[in-house]
Each structure stands twice: as C-alpha cells, then as structure tokens.
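The primary structure of each chain is shown beneath.
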Amino acid sequence: MKFLKLKPSVGLLSIPYSLIFIFFFFIPLILTFIISFWDYNEYSIIPDFIFENYSYIFKDCLNFEKDMCVTFKTYLSTFIFCFITWFFTLIIGFFVAYFLAFYVNSITWQIVLFLLCTIPFWTSNVIRMISWIPLLGRNGLVNDFLLSTGLVDAPQEWLLYSGFSIVLAFVHLYTLFMIVPIFNSMMRIDKSIIEAAYDNGANGLQILWNVIIPLCKPGIVIGSIFVITVVMGDFITIGIMGGQQIPSIGKIIYVEMSYLQLPAAAANAVILLALTLLIIWIMTKMIDIRKEL
Amino acid sequence: MKKSLTRRNMLKTSTAAIGAVAGAGLLKGFPAIHAADAPVIRYLGTAVNMGDAVQKRLFDDTGIKVKFIVKTTDEVVKTIFTQPNSFDIVDSEYFSMPKLVPSGNLLGMDTKRIKEWDNVTSAFTKGEVAGKKIGDQGTAPKKVMYLKGAKSKEFASEPTQFVTLIPTVYNADTLGIRPDLIKRPISSWAELLNPEFKGKASILNIPSIGIMDAAMVVEAMGEYKYPDKGNMTKEEIDLTMKIFTEAKKAGQFRAFWSDFNESVNLMASGEVVIQSMWSPAITAVRTKGIPCVYQPLKEGYRAWAAGFGLPSTTKGRQADICYEFINWYLSGWVGAYLNRQGYYSAVIPTAKKYMEAYEWDYWMMGKPATADIMSPEGKKLASKGEVRDGGSYEARMGGVACWNATMDENKYMVRKWNEMIAS
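Residues numbered from 1 in each chain as written. Chains lettered and ligands numbered in written order. Predicted model: local features only at pLDDT ≥ 70, side-chain atom pairs only at ≥ 80, totals over all residues.

### Some words on the overall build of chain B
- Helix and strand counts for chain B stand at 16 helices and 19 strands.
- Overall, chain B is about 60 × 60 × 45 Å in size when its C-alpha atoms are taken along their principal axes.
- Residues counted as buried form 48% of the 423 residues belonging to chain B.
- Summarising the internal contacts of chain B: among those between residues at least 6 apart in sequence, 72% fall at separations of at least 24. (Helix = DSSP H or I, 4+ residues; strand = E, 2+ residues; numbered from the N terminus. Buried ≥ 20, exposed ≤ 12 C-beta atoms within 10 Å, placed from the backbone. Contact = placed C-beta atoms within 7 Å.)

In structure tokens, the structure reads:
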C-alpha cells in the first residue's frame, strides 16, 4: 500500500476520481456480473442463480463433429481482426511516430502534423463510414479506376462489406492510438544514447532495433492495449463496414440488450471482459509498464 | 421465493442510490407538465414521420408544445420498461403490446375521451378493409387492441371501452427495388433469394421485423406454409433461418441494414437492387432522382401499426392535456400530413378534409396524378400521370398478409437470428 505513505493531502486529491470510478464503473461492473446469473422473461429480469446464460453461450462448442459454434466463430473472427489491425497500426504508427520524433525538429511542425493525424476524428463515426461507399463501392472511385485502366473486367466486390474494408477502417481510425504513446516514448529517449550508439559504430538499423525499439516498449504496449481493447468491443465499425454480415461480440450484446435480454447480454459482456483482460495481462507480463513509466 | 423484480423497480433502487450521491437535481424524471401555462408534452417515439411543421401547427391550434425524445423502435420499448416516468406520451407499435401490457407500465386508454373513435379505420378495430377481412397473422392490432379494464394487464377478445394504444398511423410494407437495374418485372417475395441477384440483395437486421420478411420469402419460394408466420414454433424458426443462412453463405446478400439511412444508401448507390425497405426510405431515394419502386408482390404485404399510449402514472391535468393532444392529432391536419408521406392515418375521413382532391385521388384512390405530387416538405415525389406503387388504399391495405409480430418463442428467435448473422 504505497499511497498510504504519501501525505494525506495528496491522498485527498485522488478522492474525486476514485468516487467517480467506484460509482460509475466498479458498481455497474459488479451489477453486470451479478445479473449475468439471473433469469429473465420478456419484460423483467428475475433474481436467481443460474448458469443458463453462460451454458447457452458455449452450447455445442465442445461438439467437434458439427461446425464451429457461433461463440467460437465470433471470437475467432474478432481475434483475427484484432491481430491484423494491431499489426498494421503498429507498423504504420511506429514509423509515423519515428518520423515525427526524429526527423521533424520544430515543435510547431510536430504539432501541425499531429493535428493532421486527428483528421479522421473530425467527422462523426457514421458519416465517415458511409463515405467509404463512394470510394470502395461497386460504382465507386476505386472500381472506376480499376475498370478504366483495364486491370479488372468486373467491379471488385471484396473492396466493401468485407474483412478487407473492416481492417481498412480500423487501421484508418486507430493508428493515432499507436502514434501518440509511441511518440511520447520516443521523445523521452535521451539523444545522447543514440549518439553513443552511433559513435560505437552501430548502423541505422542496429540503432533502431537495439536502442530505439527497446526504449519504446512502454509506448508500444500502451498503444497496443488501446487498439486491442477498442477492436475487441467494437460493433459499429464491423457492422457498417462488414455490411452487418460479419459477426462481432459487441453486436450480439447489443441485439440482446435491445430485446431486453439483459442477463444474456451481461454474461456475454463478462466473458468479453475476461478475455480482454487476459490479453492485457499477457501483454503487461511482457513488460512492466509501471516500472518503465 | 422467486420474486419478479421489474426493471422499473430495479431502476428506482439504483437511481435512489446514485441520486443520494449525485444530487437529485441532475436526474430527469419529473413530469414536465406542472405549470398551468404553456403545457409541454414529452413525446417518446421514433418520430420518423414527425417534422417541425407538426410542432408549429400544434402550438398554433392548441397552445401545447411537444418535446421529442427520439429513439429507435427497440429503444422505445426498452424506455417504457426502464424509465416509465421519463415521458408523457409514447408513440409505440402494436407488436410491442404482448411484451408491454403485462408489465403494467401503460395506462388503458379511454376510448370515450376520443372524439373520433367511431371513425377509426376498421383495419384496426375489426381487421377489415372495405368490409373484407385482411390477413391477421402476427400481432394484428385487433388482437392486442382491447383491455379488460383501465388498469388491466390482460387483453380482451371483444371490444371494450379501454384500449392499449389509440391508433395513429400504419402502412403496408414490401420489398423495394431498383427497376432501372433489374430491368424485368418483380412479382414475388421469392425474388429476394433469387440467385440472379446474388450479392445485390439485402434484408434488415432487426430480428422481429426481419423474420417476418424472411417468412414471406420462404412461403413464396414454396418451401413451407406457416400456420402462423407471426408465431412460429422452434422448428419453423430453425427452418426459416436455415434457408437464410444458406443464402447468406452463398453470398446472396450485399449487406444487412439496421438503420433507415443505411437502406437509402445501399439502394441509391446501386450496391443493392432488391431489399426490405420502409416507405420513407423509398421516398428518400426517389427525391435524389434515382428510380426506386415499392414493389407490390402477389403474396401480399407485411403491415405495421402504431398508436399513442400513456404511462400508467398519468392522471388529472396531465391526462387532460395528453387526450387533447391525441384528439388534435386525429382531427385531420396530421392525418393529411401522414397520408402525404405515403403512410395512412388511423382516422381517414378527417384527413380527407385537409387534402386536395388530386392528392386524395393519388394517395388513397390509386388514380394517376393529375398534378405533380409534393411531399409535406415541398419536394417532388411523383410527376403528373404517375400512379402510386400498389395502387389504392383498399388494394394495399386489403392485400396485407401479416403484421409485425412478437412471437411466443421470441427469445429463441433472437438467438437464432444472431447465429445467422454470425454464420
């Protein structure tokens, strides 16, 4: 209990946030957990202690003769999106941050370029996603270009309402979440360390691999946590960009909630939360963020 | 002992807890009608058919103001359960009644206080159009119209003084098509799964409505004849979802939609050429200058109906104002406004008084337009000489095959629907 050693006045500062956290996050979370064991009918939830909500989620999941069950299929597809999105946002985000930190020397220009990265967030989510249709659609710009140059003879349908378009939208949206923490880590690297590596005869690649990347680890992990948690719980992007034909856990929870099947939705939410926490736990095992910060 | 804890009580308890900390002033939930002057009605509903013009006219005629609380169909139902004191009047659909009435959160509406009650269309009260019985599969309004008493939680099979909702608006829905891209006549629901439209079809991803469209398709394909599409058994749900899952796996659907605007975009962009659609979405595509037809089909229409309800706590002056609002709503001006959008008003004779003869002939009689037909916002919907898709009121409402429904196996249906989406 480290904080007890602090002066009482410092402890007081944490009270407002703690209260908000307890009342609007911790208590609702506990309620969600409790309700996931309740029964329900069309119009009310009934206090009980049943496992039906959970057992239904994994129904047929251990029967390997049949097709993969809906739950496994949905999580598998979500994990794949998570991994691909994480991979691309990391690569792109890292190099954008690298450019901003090491090649842009004026702080004004760093701020200007940073603001450019936030452009995707200037419009509403829905408008942004609807705007993909004129670009990627059957009669969209990309298809027009491909057809007119003779690269293809028929419109490419996989450009929109597909796994491709989902990943594209995710990467487009969430790369910023990688750039910010990685950039932050890079700015804290003492330039003299890099000079020392250079003086000792390391080439650019060696400096990148042996000096910069290890020192950016906290930023990479924090960015990864942002991206992975957002993608795991997403249903709007997957819904709109996937033409609502590609499953997501979030959508299942959303549908259950709109039909007032709150205990079933709560059970799904608990499992989603547990899995997401597990992933974060594994990532924090790889690196101790608290120590690095 | 298992005690049913309704969401309402649940919410009361939790709000009390939060309220103690946050301060009651932050919470809404006080009736808006308390001042003696300028009454305001909090109107909960999808409000897809309501515009500023209605508010203005209402205020001019009665001095009542309306504050819209706009939510989607499913959210409206959820709000009635969880926050029954957050609104003064609700615009809900009849198919929600089997869920809502047992909760006791809505008041039985007194038909004696409705001036035009005797003029409410027989499609609601008797399930008849022009003296002929229309399809009543699903949650047809007449099945869930009457209550055994003002505070009753049970439906009455015979007409009584008290009703669940005062009817306002209804329509017959069908498939929307792009005639310029299909280039041949479409006459059956079965066309939705025709491989000819592979990758160019869509259906709505709202399970309780989507399942009805799906059932119309399955029946039209000759795969199965449902005893009651609106109340399927588990086996029937399995069969319906199996057919749609196979079609989905084969790539029949370009996308599913759940938001009105998505359906407009899919159709206008040409991504989809045949899909489930709602009448104002067709209008929205047409006003962009893109041809789009609300195609009448030989198997008939899927109908829906909505009306006004009051929370069970309504009384005194608050009730008076709400009844005054409802009476104004049914007195004709709004009816004409709804008819001009392609819906139907629950009280037809009063609406007629507010429509021009050529408008009436086009919208209600199915005759060719003798002048350009304008929307209430003044946008052109049809040119001189055009005939309304599906024709007259009697042809369209008389051709209803089923109604939006809440099934006994609703829980199972929603799960199966989710499985189809995931497949």
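### Observations concerning the pairing of strand β15 (residues 301–309) of chain B
Residue and element names in this part refer to chain B.
- Along β15, 9 of the 9 residues are buried, which leaves the element largely enclosed by surrounding structure.
- Taking every second residue as pointing to the same face, both faces of β15 are buried, with Y301, A303, A305, G307 and G309 on one and R302, W304, A306 and F308 on the other.
- Two strands pair when backbone bridges link them, and strand β4 (residues 89–93) and β15 are joined in this way by 4 bridges, in the antiparallel orientation. Its bridge partner lying in β15, D91 is registered against F308.
- Here β15 pairs with strand β19 (residues 400–403) via 3 bridges, running parallel. When the sheet's bridge partners are listed, R302 is paired in β19 with C402. (Pairing = 2+ DSSP bridges.)

### Digging into the sheet that holds strand β12 (residues 253–257) of chain B
Residue and element names in this part refer to chain B.
- An order of β12-β11-β13-β10-β14 is seen for the 5 strands of this open sheet, with the pairing classed as mixed. Two strands bound the open sheet, and with one partner strand each, they are β12 and β14 (293–295). Neighbouring strand axes in the sheet, compared pairwise and without regard to direction, differ in orientation by 25 degrees on average.
- Pairing of strand β11 (residues 201–204) with strand β13 (residues 274–276), which is carried by 2 bridges, proceeds in the parallel orientation. Each residue of the ladder has a partner; that of A201, found in β13, is I274. (Axes fitted to C-alpha atoms, helices over the stretch in contact; angles between N-to-C directions.)

### Points about the nonpolar core
- Counting 144 residues, the largest nonpolar core has B:I89, B:Y170 and B:I326 as its most contacted members.
- Apart from the residues lying within four places of it in its own chain, the contact partners of B:I89 are B:I41, B:Y43, B:F308, B:L310, B:C322 and B:F325. (Core = buried A, V, L, I, M, F, W, Y, C linked by C-beta atoms within 7 Å.)

### Points about the interface of chain B and chain A
- Every contact between the two is made by 35 residues of chain B and, on the other side, 28 residues of chain A.
- Those elements that provide at least two residues to the side of chain B that touches chain A are β1 (5–6), α1 (7–22), α3 (73–82), β12 and α16 (410–422) of chain B.
- Sorting elements by how many residues they give to the side of chain B that touches chain A places α16(B) first, with 7 residues.
- Broken down by class, the residue content of the side of chain B that touches chain A amounts to 13 nonpolar, 11 polar and 11 charged. (Nonpolar A, V, L, I, M, F, W, Y, C, P; charged D, E, K, R; others polar.)

### Digging into the domain arrangement of chain B
Residues and elements named next belong to chain B.
- Taken domain by domain, chain B comprises domain 1 (37–171 + 304–353) and domain 2 (175–299 + 392–422).
- At the interface, 22 residues of domain 1 touch 20 residues of domain 2.
- Considered class by class, the residues forming the side of domain 1 that touches domain 2 number 11 nonpolar, 8 polar and 3 charged. (Domains from an automatic or database assignment.)

### Description of the environment of A:S55
All names here are of chain A.
- Counting through the fold element by element, S55 comes out in helix α3 (residues 52–57).
- The class of S55 is exposed, set by 11 C-beta atoms lying within 10 Å.
- Note: C-alpha distance between S55 and A267 (212 residues apart in sequence) is 9.7 Å.

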